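Now for the letters of each chain:
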Amino acid sequence: MTTDARAEKGEASPIPDPTVIPPVWSRITNLTIDRGEGSWLITTDGERYLDYSSGIGVTSTGHAHPRVVAAIQAQAAKLLHGQQNIVYHEPGLRLYERLSHVMPGEGWGAFLSNSGAEAVEASVKLARIATGRPVILGFRYGFHGRTAQTMALTTAKDVYRGHFEPLPGSVYHTAYPYCYRASGGAHSPEACTCDWEEQLDLTFHQLIYPEHVAAVIVEPVVGEGGYIVPPPGFLPRLREITRQYGILLIADEVQTGFGRTGEMFAMQHWQVEPDIVVVAKGIASGLPLSGILAQRTLLQKWPPGTHGGTYGGNVVSCAAANATLDVIESEGLVSNARERGDQFLTGLRRTATKYQSIGDVRGLGLMLALELIKPGQGDGRVPNPELTKGVQAEALARKLIVLTAGTYVNVLRIIPPLITTSEEVELALGILDESLAAAGA
Ligand SMILES: Cc1ncc(COP(=O)(O)O)c(C=O)c1O
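Here the structure is a predicted model, which means the values were calculated and not measured.

When helices and strands are counted, the protein chain shows 13 helices and 15 strands. Compactness check: the protein chain gives a C-alpha radius of gyration of 22 Å against a globular reference of 22 Å for 441 residues, within 12% of the reference. If you line up the protein chain on its principal axes, its C-alpha atoms span 75 × 60 × 45 Å. Taken across its 441 residues, the protein chain has 48% of its residues classed as buried. In the protein chain, 72% of the contacts between residues at least 6 apart in sequence involve partners at least 24 apart.

Structure, rendered in structure tokens:
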């Protein structure tokens, strides 16, 4: 019977079995969700889960924020698709204009697309066309997406690229300063002894001429690769080196952008101005939208027709993004991310004193992580992915959704929405404490 025929008889059609979804979508929970409200997801059985995954860092304004929903509903009733090559539309014009003011300083412009990977692709195409140089340099532990070009840039984990060789060429990787896993031993980022600069210099002497490099792409705080906050000197020094060789600096702020780390963009923590900022996720509260920000002088070097896409800058997504920016501003979400982040990190540090399996606690704003190890084994930093999965499962059993990250899948990754409250943070800290104990940390 068709859905329409059932509806006429007043019958709801049964929800199909989840096996209709192919296994390539690896699975974090088996929850079937009816709706979301703020920090909470509510299942079809009416169970409430504290969603500290934010749909992988997307729902910064919380689930179904009334102002965002109202903007989407109003726009959807007027126009669903106004293709960017064919017409202008008001939500798009407003968003392009607003995005030219989200970075400190003058002269910025934007380009809009759909997904994070698509925006990274755009940044690479712009960098190559603007510099006339071929090479793109990324970092070990980086994650930039799942398309061919972005897989080539990604080194966070073998599963993201290992089966898909050959990948696009003229892409190289150099060392990221991961202070906890430094070859010389774990150390505080404030007293960093990582040899990333020597490794970059070697890369320039062994693999590529710096004068052939169009861009260096970097996540200011590594996401998928393990929620790694770099030492204070790293990004300022990287900016100096890239300027020295005329290399563009691309900040992949897909996960860190729009307030997530307690600044509008994470690069602002170090007062570093990149040439291109890649944005997605938190920009539109869940509707597909992404883009790049760059100086208008740079964007002018991109000839008409050399890039684009059918859906880029979709009108409903633009309306959602405008409302999202309103909510971020009017509800003070950037400072809330900073305050709730500090509260969470302090709580996690307190919790860590109780468990030998917590090797490292780190985070910036509301990007928070526990790195779990096997105490007493090897050099004291042997990754413990089984325990990480165990803690995640115990948290889920207590109705808290958190994710994992890291090359060895031994990092518990916590991504609350930016609207989260002090009470919710305390609730999550309590659940995590219980979950660590239950999983045998
Ligand atoms: C830093 C970073 N760049 C790019 C991407 C790719 O974004 P998308 O999944 O929207 O293609 C992600 C997604 O997690 C990301 O975290």
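And the narrative resumes.
With that settled, consider the site of the ligand. Taken together, 15 residues sit near the ligand, with Ser115, Gly116, Ala117, Val254 and Gln255 positioned nearest. In terms of residue count, helix α5 (residues 116–131) provides more of the shell around the ligand than any other element does, 3 residues in total. Per-class residue counts for the shell around the ligand are 6 nonpolar, 6 polar and 3 charged.

A separate point is unusual backbone geometry. Most of the time, phi is negative for any residue but glycine, and the peptide bond is trans. The step from Glu165 to Pro166 runs through a cis peptide bond, and the omega angle for that step is 0°. Within the element layout of this structure, Pro166 appears in the loop between α6 (148–153) and β6 (171–174). Of note, Ile56 is a non-glycine position whose phi angle comes to about 60°, a positive value. Considering the arrangement of structural elements, one finds Ile56 in helix α2 (residues 54–57). For Ser170, which is not a glycine, the phi torsion comes out positive at approximately 60°. Its location among the elements puts Ser170 in the loop between α6 and β6.

A few words now on the nonpolar core. One finds Ala127, Ala215, Val216, Ile250, Val278 and Ile292 to be the most contacted residues of the largest nonpolar core, which totals 118 residues. Tallying contributions element by element places helix α10 (residues 315–330) first for this core, with 10 residues. The residue makeup of this core includes at least three contributed by each of domain 1 (3–61 + 332–438) and domain 2 (69–330). Look past the residues within four positions of Val278 in its chain and what remains in contact with it is Ala119, Val120, Ser123, Ile250, Ala251, Asp252, Glu253, Val254 and Ile292.

To continue, consider the environment of Tyr88. Considering the arrangement of structural elements, one finds Tyr88 in the loop between α3 (66–76) and α4 (90–99). On the basis of neighbour count, Tyr88 is assigned to the exposed category, with 9 C-beta atoms found within 10 Å. C-alpha separation for the pair Tyr88 and Val315, spaced 227 residues apart in sequence, amounts to 9.5 Å.

What follows concerns the sheet that holds strand β2 (residues 40–43). An order of β1-β2-β3-β13 is seen for the 4 strands of this open sheet, with the pairing classed as mixed. At either margin of the open sheet sits one strand with a lone partner, and together these are β1 (33–37) and β13 (400–401). Summarising the sheet, strand β3 (residues 48–51) and β13 pair through 2 bridges and their orientation is parallel. Directly across from Leu50, in β13, lies its bridge partner Leu400.

By the assigned domains, the protein chain splits into domain 1 (3–61 + 332–438) and domain 2 (69–330). Computed from C-alpha coordinates alone, the two centres of domain 1 and domain 2 are separated by 25 Å. Residue-level contacts link 28 residues of domain 1 with 31 residues of domain 2. Among the secondary structure elements, those contributing two or more residues to the side of domain 1 that touches domain 2 are α2, α11 (333–352), β11 (358–364), β12 (367–372) and β15 (411–414). Across the side of domain 1 that touches domain 2, the residue classes break down as 11 nonpolar, 11 polar and 6 charged.

Summarising the sheet, β1 and β2 pair through 4 bridges and their orientation is antiparallel. Its bridge partner being in β2, Gly36 is matched across the sheet by Leu41. Hairpin connection from β1 to β2: 2 residues lie between these consecutive antiparallel strands, with Gly38 at a positive phi of about 60°. As judged from the 3 bridges shared by β2 and β3, these two strands associate in the antiparallel manner. Within β3, the residue paired with Leu41 across the bridge is Tyr49. Turn length for the β2-β3 hairpin, with the two strands adjacent in sequence and antiparallel, is 4 residues, and the turn residue Gly46 shows positive phi of about 85°.

What follows is about the sheet that holds strand β7 (residues 213–218). Pairing is mixed in the open sheet, where 7 strands are placed in the order β4-β10-β9-β8-β7-β5-β6. The strands lining the two open edges of the sheet, one partner per strand, are β4 (108–113) and β6. The mean inter-strand angle of the sheet, taken between neighbouring strand axes irrespective of direction, is 20°.

This part takes up α5. Since the α-helix turns once every 3.6 residues, residues separated by three or four places project in the same direction. In this model, α5 (16 residues) spans 23 Å end to end at C-alpha, consistent with the 22 Å of a helix rising 1.5 Å per residue. Gly132, located one to two residues past α5, shows a positive phi value of around 70°.

So, on to the packing of α11 against helix α13 (residues 422–438). Relative to each other, α11 and α13 sit at 25°, their axes nearing to 10 Å. Taken together, the axis directions place α11 and α13 in an arrangement best described as roughly parallel. As α11 packs across α13, the resulting crossing turns out to be right-handed. Every residue of α13 that contacts α11 at Arg340, Gln343, Phe344, Gly347 and Thr351 is listed here: Ser422, Val425, Leu429, Leu432, Asp433 and Leu436. Classifying every residue of the contact of α11 with α13 by side-chain character gives 5 nonpolar, 4 polar and 2 charged.

A few words on α11. Between the first and last C-alpha of α11 there are 27 Å, a value that for 20 residues agrees with the 28 Å anticipated at 1.5 Å per step. Against the buried residues of α11 lie α10, β11, β12 and α13.

On to the packing of helix α12 (residues 385–397) against α13, then. Interaxial distance between α12 and α13 falls to 8 Å at its minimum, and their mutual angle equals 130°. Taken together, the axis directions place α12 and α13 in an arrangement best described as oblique. In the packing of α12 onto α13, the handedness of the crossing is right-handed. Between α12 and α13, the contacting residues are Val391, Glu394 and Ala395 on the first element and Ile431, Leu432, Ser435, Leu436 and Ala438 on the second. Within the contact of α12 with α13, the residues separate by chemical class into 6 nonpolar, 1 polar and 1 charged.

Quick notes on the rules
- Residues numbered from 1 in each chain as written.
- Predicted model: local features only at pLDDT ≥ 70, side-chain atom pairs only at ≥ 80, totals over all residues.
- Helix = DSSP H or I, 4+ residues; strand = E, 2+ residues; numbered from the N terminus.
- Rg over C-alpha atoms; globule rule 2.2 N^0.38 Å.
- Buried ≥ 20, exposed ≤ 12 C-beta atoms within 10 Å, placed from the backbone.
- Contact = placed C-beta atoms within 7 Å.
- Near = placed C-beta within 6 Å.
- Nonpolar A, V, L, I, M, F, W, Y, C, P; charged D, E, K, R; others polar.
- Core = buried A, V, L, I, M, F, W, Y, C linked by C-beta atoms within 7 Å.
- Domains from an automatic or database assignment.
- Pairing = 2+ DSSP bridges.
- Axes fitted to C-alpha atoms, helices over the stretch in contact; angles between N-to-C directions.
- Expected span 1.5 Å × (residues − 1).
- Parallel < 35°, antiparallel > 145°, perpendicular 65-115°, else oblique.
- Left-handed = near helix turned anticlockwise from the far one by under 90°.

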